[in-house]
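Read off the chains here:
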Amino acid sequence: QVQLVESGGGLVQAGGSLRLSCAASGRTFSSYAMGWFRQAPGKERELVGGISWNSGTTYYGDSVKGRFTISRDNAKNTVYLQMNSLKAEDTAVYYCAADLLRTYGSRWYLALGHDYWGQGTQVTVSS
């Protein structure tokens, strides 16, 4: 069982930055791939990015590539999402997810979002 708690959301002006954190419970955190998703009002949940269990591989959605960075600290059971150059269209509830992946193929990130979820944190970007 893994419990996830996001923090760091808030209101920021366009062009600004925020860093989200996702703290995980459990001693097996380092075994899990982690993902960040977001959902804006009236839209489907979208995969923002993911990171493998050992930080060896990452994935970013096209809409955030070059602006967002995912990292993790397995000693602290925490995954981060650094968001720079924020835009109004980044406004959404951001969720982290943990998945125990057995393999990391070329499209490993498609397997994210099936095991454990956090409760979400609101990010609002004012234009």
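For the structure, check the block above.
Residues numbered from 1 in each chain as written. Predicted model: local features only at pLDDT ≥ 70, side-chain atom pairs only at ≥ 80, totals over all residues. Heavy atoms only, no water.

Caption draft 1: Representation of the sheet that holds strand E1 (residues 4–7) within the structure. As summarised here, the arrangement of the four strands in space is E1-E3-E8-E7, forming an open sheet in which the pairing is antiparallel. Every interior strand has two partners, whereas the edge strands, E1 and strand E7 (68–73), have only one. Pairs of neighbouring strands in the sheet enclose a mean axial angle of 15°, with direction left out of account. Sheet analysis places strand E3 (residues 18–24) next to strand E8 (residues 78–83), joined by six bridges and oriented antiparallel. (Pairing = 2+ DSSP bridges. Helix = DSSP H or I, 4+ residues; strand = E, 2+ residues; numbered from the N terminus. Axes fitted to C-alpha atoms, helices over the stretch in contact; angles between N-to-C directions.)

Caption draft 2: The side chain of Ser21, seen in detail. By the element assignment, Ser21 lies in strand E3. When sequence neighbours within four positions are dropped, the list of residues in contact with Ser21 reads Val5, Glu6, Ser7, Trp36, Thr78, Val79 and Tyr80. (Contact = heavy atoms within 4.5 Å.)

Caption draft 3: Structural view of unusual backbone geometry. You will see that Ser55, though not glycine, has its phi angle at about 65°, which is positive. Tracing the sequence through the fold places Ser55 in the loop between strand E5 (46–51) and strand E6 (58–60). Taking relative accessible area as the criterion, Ser55 reaches 36% and is therefore assigned partly exposed. Although it is not a glycine, Asn77 adopts a positive phi angle of roughly 55°. Examined against the element boundaries, Asn77 turns out to sit in the loop between E7 and E8. (Buried < 20%, exposed > 50% of the residue type's maximum accessible area, 1.4 Å probe, protein only.)

Caption draft 4: View of the packing of aromatic side chains. The final tally for this structure, using the stated rule, is six aromatic pairs. Centroid distance Phe37 to Trp117: 4.7 Å. Interplanar angle 55°. Geometry classified as tilted. Here Phe37, found in strand E4 (residues 33–39), pairs with Trp117, found in strand E10 (residues 116–117); they are 80 residues apart in sequence, far enough to count as distant. Classification of Phe37 as buried rests on a relative accessible area of 8%. Aromatic side chains Trp108 and Tyr109 sit 6.3 Å apart centroid to centroid with 80° between the ring planes, which places their arrangement in the edge-to-face category. A single burial state applies to Trp108 and to Tyr109, both of which are buried. Within the aromatic cluster, the residues linked to one another by ring pairs are Tyr59, Tyr104, Trp108 and Tyr109. Taking the ring centre of Phe29 as reference, the NZ or CZ of Arg72 above it sits at 4.5 Å. (Phe/Tyr/Trp six-rings, centres within 6.5 Å; stacked < 30°, edge-to-face > 60°. Lys NZ or Arg CZ within 6 Å of the ring centre and 35° of its normal.)

By themselves, these figures tell us nothing about what the structure is for.
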